[in-house]
Amino acid sequence: MAARLFRLPLVLLLCSISATLAFADPAPFDLAGPKLEVRVTRGGQTLSITKIPNLAVGDRLWIKADFPQAQSAHYLLVAAFLRGSTNPPPENWFTKAETWNKKFIEQGGALNVTVPEGAQQVLLFLVPETSGDYKTLIGAVRGRPGSFVRASQDLNQANLDRTRLDVYMDTVRKLNSEDPEKLKTVSPLLARSLSMQLDKNCLQQDLEQLAPCLTQKQDSLILNDGHSTSIVEAVTGGPAGDLVLQASYTPQASYGYYSPYISSIVDIARIMDSFRTAVFQYIPALASMRDEALNLKLNTPPSFHNPKSVIVVALPAVEAAQPPPLHPIDEKQIFCAQKNDLILPADGAPLVFSTNYARDLVLQLKTKDGKQVELPLKPDAAQGGFVVDTKPLGNLTLGQNVDASVHGLWGFEPFHGPTFHLQGAREQQWQIASADQEALVVGRDDTIHLQADDASCVDSILFKSPQGTETKADFKLVKPNEVEVKLPLKDSQPGSLTLTVKQAGLEKPQEVSLHTFAEAGHLENFSIHAGDNAGLLKGSRLDEVASLSLQNITFVPGKLSSSQGSDELPMQAKDAKAVANLKAGSQMKATVTLKDGRKVDLSASVDASRPQVVLLGRNVGFSNGDGNSSNNIQLSDQNELPQNSKLTFSLKAQTPENFSRQEKIEVATEDGSYSTMLSMGNGTLTLQDSKTALATLDPSKAFGGSAFGPLHFRLIDGNGVAGDWQPLATLVRLPELKELKCPSPSDQPCKLTGSDLFLVDSVAGDPQFTHPVQVPDGFPGSTLPVPHPGAGNLYVKLRDDPTVVNQVTLTAQSMPALKEHAASAPPNQSRPDYVRPSPATPAPAAAPAQPPADTQPKPATPDTTAPQTPPPAAPQTTTPPPATPQS
């Protein structure tokens, strides 16, 4: 369903105005319209409108329509201020100029207006000259202010999102023509900076197909960044405001939602079509913010016959400045201030990279002697952050871990951005990681790790062979104090090797002495546990192993690992049935076939079977003393384990038949991110008798608050031999839901209040999830608009296990019904409280007569300050699914 919601291409931002085409795919905005020059003066400073994210009361606007000298059609330029959806503007908030009038042209040809007190939106109209044109326009706007407010917001949103799409498309096309190989490294940074959807499968394509893949499906490229949405939302007229103006539709930081203007395509078409008279029809214009002017783009050819076309242009909303929410990609990372190509990775505010709103950016820091320095910054989406001009540092000395903060102007207003950590280069002792001391073997490319106090300033690494040949080595920073160096030793000879480490800001490089060894391919032994499908081959130069044969069973190599000059190579049996017949304690001969065809015999052993246990049962309890959960989400899957619970599970020993005092139970997430040991020593493993044990797991203490997903466990015996992993439960984190309030009309959304709502994946009013509401990624609020409970109950899918439908035990409380409805515009399908029709049932057609769009009801804005009080649920006692042994 989500794919169907965003089927219309983003570059076709609005619909054609004809009512018969309101539901069809719109034409592209490829018709060049007139150019508008708009300048804003505030506090004695004048800027182009392309550098202004928001207007303010008292701003003086200088507006000029740039028509060609041979312009034959006369246009009336009208500036109109709006003050919300329920408050028609006074007539003196409309100002006109006859652009063809010679006196007007001689006086500069510009319309000068001042933003009045109480204004919230500004619209410009280009009206074809006709009798009564001005009064007709004023009557239309004053008669339906809410519809024009909605048009202003959607046009502004479309303009901002279009800037991001333009930068993305232009950069991809430019790189494709100049250096296609860079696309694979640049496109992820570009998508991150501009908050664009990147299809990672494209990065696997050939260079010829890479650019077309990255630019296809433009209807799903732009993601909502939250910041641009908040910029275009001016304050509306209070509780009686238009439903479409509700901030709850576009919550702050709603990352993962597609931009709301996409689903407003049909809305705009209906709104403007509803203004159509025998004299005028209204067509939208997108404003491309380039060259410090607004270049208008149309998708409908203007008509100069009745009904004549009125071009509608939106200027930024009149509201307080909203600085960009920039943040570093890694807040702990330390950067080298002396690097000539210093890039500070940042994201969170794509408009910084796609518009000229952010200007005069600098990085402020202090040197070791206390001198304050400002380094110029330039946002670069293709490089994933800010390009720093480090020339002003000169020969100044920096201390260690210096805090440097971003400062600049956002439109007219100063703003303070994120803080980064810098330091200067210094001479230090480099050494090889202990595990790599004897790991360099000639005859193959190898990798070592160099360590020092700080490795951020490494600029280049050269290595000199015993024959004196110098070669540049590839390296990358893997830790703040460590670089990984790749050395091409395939054609090298054993002996001494010297690495030369050059740091930015230091003239003298530092040398590190190494020694390479000749590897004579030594095979030590092969061992396998009875009942396993894979064994382990130990030796050196195991990269030359092609296969191994044991008792006519063929084993093939897995992933090679090396440590302290010794290799270990897992060998997987091709015939699982045959390998099962190997008996523990057997000693035999195995034959290894090398890649060059040579065969080498070595000893092999079949070790005792890995320890095995059977999971008998599980019980989920809670630490509040009564065995009940304090949450009011009723988990429907007995395999789900709440993070704030305690899990007790019982085990029966199989191999060996009795438990020993040294055995442990390891419990871990399936991805290996979190792991804990349960043992008799720490009180988390208790014997009932020699054959039965009970284990207790407290997930919140063992794993913390960020662990989730499937858990599995295995037995580890006293010798450190681990058994097979077995499934245990699915760890889920639960939001705390406080109350559910619903208005009496079922077509109006309810309000769900609680905390940690980002843990909810989606909400529906029925267990079949016929009309689900998706919760945005990273949602920080405390209030969500949700559909009415179908049979008195609400249902949720948790983000940690979105395949399971769970019932909410909250009882809906009544709340006052919203008095007004909007019918001239269909529901905004990208906003969180929109309930999409079932795929099997076509969406109902619009009724012929509907109330005005500016009377649409308004759901409550998400409350990010609601108290977090957890509600109750029952303990779970479950019988586990059968274990699936794994190698």
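Here the residue numbers are simple positions, counted from 1 along each chain's written sequence. Whole-chain, interface and lining totals are the exception, using all residues; otherwise, since this is a predicted model, local features are given only for residues with pLDDT of at least 70 and side-chain atom pairs are given and counted only at 80 or more. Neither water nor hydrogens contribute to the side-chain values; these are computed over all heavy atoms in the structure.

## Section: the overall build of the chain
Item 1. Under the scheme used here, helices are H or I runs from DSSP no shorter than 4 residues and strands are E runs no shorter than 2 residues, and both carry numbers assigned from the N terminus. For the chain, the count of helices and strands is 11 helices and 54 strands.
Item 2. Considering the chain as a whole, with its 887 residues, one finds that 52% of them fall into the buried category.
Item 3. Whether two residues are in contact is decided by their heavy atoms: any pair within 4.5 Å suffices. A separation threshold of at least 6 residues defines the contact pool for the chain, and within that pool the share at least 24 residues apart is 71%.
Item 4. Total accessible area on the chain stands at roughly 39,600 Å², and carbon and sulfur atoms take up 48% of it. The classification of residues rests on relative accessible area computed with a 1.4 Å probe and restricted to protein chains. Under 20% of the type maximum is buried, over 50% is exposed, and intermediate values are partly exposed. Accessibility throughout is a Shrake-Rupley quantity obtained with a 1.4 Å probe, and a residue counts as covered only by protein chains that appear here.

## Comments concerning the confidence of the model for the chain
Item 1. pLDDT gives the predictor's per-residue confidence on a scale running from 0 to 100. Of all residues in the chain, 79% attain a pLDDT of 70 or more, and the chain-wide mean is 79.
Item 2. This stretch, residues 234-269, has a pLDDT under 50; its non-local contacts, to residues over four places away or in other chains, come to 152 contacts.

## What about the sheet that holds strand E41 (residues 675-679)?
Item 1. Taken together, the five strands give an open sheet; going across it, the order is E38-E45-E44-E40-E41, and neighbouring strands pair in mixed fashion. What marks the edges here is a single partner per strand, and that holds for strand E38 (640-642) and E41. Shown here is a sheet whose adjacent strand axes are inclined to one another by a mean of 35 degrees, direction ignored.
Item 2. Here, a strand pair is defined by DSSP locating no fewer than two bridges between the strands. By the bridge criterion, five bridges tie strand E40 (residues 664-669) to E41 in an arrangement that is antiparallel. Within E41, the residue paired with Ile 665 across the bridge is Leu 678. Working convention: axes come from line fits to C-alpha atoms, limited for helices to the stretch in contact. Angles between N-to-C directions cover 0 to 180 degrees.

## Focus on the packing of helix H4 (residues 145-178) against helix H5 (residues 183-194)
Item 1. Two numbers describe how H4 lies on H5: the axes approach to 11 Å, and their chain directions differ by 170 degrees. The orientation of H4 relative to H5 falls into the category roughly antiparallel. Here H4 contributes Arg 164, Val 167, Tyr 168, Thr 171, Val 172, Leu 175 and Asn 176 to the contact with H5, which in turn contributes Leu 183, Val 186, Leu 190 and Leu 194. When an angle is under 35 degrees it counts as roughly parallel; over 145 it counts as roughly antiparallel; between 65 and 115 it counts as roughly perpendicular; any other value is oblique.

## A word on the pattern of salt bridges
Item 1. Should a side-chain nitrogen of Lys or Arg be within 4 Å of a carboxyl oxygen of Asp or Glu, the pair is scored as a salt bridge. Counted according to the given criterion, the structure contains 18 salt bridges.
Item 2. With a closest N to O distance of 3.3 Å, Asp 543 and Arg 541 form a salt bridge.
Item 3. The shortest N-O distance in the salt bridge between Asp 777 and Arg 799 comes to 2.8 Å. Remark: Arg 799 occurs in the loop between strand E51 (794-798) and strand E52 (801-808) and Asp 777 occurs in the loop between strand E49 (773-774) and strand E50 (783-786); sequence separation between them is 22 residues.
Item 4. We classify Asp 777 as partly exposed; its relative accessible area is 43%.
Item 5. Relative accessible area serves as the criterion here: at 25%, Arg 799 is assigned to the partly exposed category.
Item 6. Linked by salt bridges that have partners in common, Arg 42, Asp 59 and Glu 413 make up one network.

## Overview of the nonpolar core
Item 1. Nine residue types can take part in a nonpolar core, namely buried Ala, Val, Leu, Ile, Met, Phe, Trp, Tyr and Cys, and a core is a set of them joined through side-chain atoms within 4.5 Å. By size, the foremost hydrophobic cluster in this structure holds 82 residues, and its most contacted members are Leu 363 and Leu 365.
Item 2. Tallying contributions element by element places H4 first for this core, with six residues.
Item 3. Those residues within four positions of Leu 365 in sequence are excluded, and the remaining contacts are Lys 371, Gln 372, Val 373, Leu 375, Leu 393, Leu 398, Val 402, Asp 403, Ala 404 and Leu 422.

## Observations concerning the side chain of Thr 669
Item 1. Inspection of the secondary structure puts Thr 669 in strand E40.
Item 2. The contacts of Thr 669, once residues within four sequence positions are left out, are Tyr 674, Ala 707, Phe 708, Pro 710, Leu 711 and His 712.

## Here's the deal with unusual backbone geometry
Item 1. A cis amide bond links Asn 306 to the next residue, Pro 307, at an omega of -5 degrees.
Item 2. Within the secondary structure, Pro 307 is located in the loop between strand E10 (293-298) and strand E11 (308-315).
Item 3. If you check the backbone angles, Asp 360 has positive phi at about 50 degrees while not being a glycine.
Item 4. Among the secondary structure elements, Asp 360 is positioned in strand E15 (residues 358-366).
Item 5. With a phi close to 55 degrees, Gln 551 is a non-glycine residue in the positive phi region.
Item 6. Tracing the chain through its elements places Gln 551 in the loop between strand E30 (545-550) and strand E31 (553-557).

## Looking at the environment of Arg 192
Item 1. Secondary-structure assignment places Arg 192 in helix H5.
Item 2. Judged by its relative accessible area of 28%, Arg 192 falls in the partly exposed class.
Item 3. Taking C-alpha positions, Arg 192 is 8.1 Å from Ala 381, a pair spaced 189 residues apart along the chain.
Item 4. Setting aside anything within four residues of it in sequence, one finds Arg 192 in contact with Ile 329, Pro 345, Asp 347 and Gly 384.

## A closer look at the state of the cysteines
Item 1. Count a disulfide wherever a pair of cysteine sulfur atoms falls within 2.5 Å. Summed over the entire model, instances satisfying the criterion amount to two disulfides.
Item 2. With its sulfur 2.0 Å from that of its partner, Cys 742 forms a disulfide with Cys 750. Sign of the S-S torsion, about 110 degrees for the bond between Cys 742 and Cys 750, identifies this disulfide as right-handed. Like Cys 750, Cys 742 is buried.

## Concerning the sheet that holds strand E16 (residues 372-380)
Item 1. In space, the eight strands of this open sheet follow the order E12-E14-E17-E16-E15-E18-E19-E13, with mixed pairing throughout. Two strands close off the open sheet at either side, each with one partner strand: strand E12 (327-328) and strand E13 (334-336).
Item 2. Two elements, E15 and strand E18 (residues 402-410), share five bridges in a ladder whose sense is antiparallel. Considered in E18, the bridge of Arg 359 is made with Leu 409.

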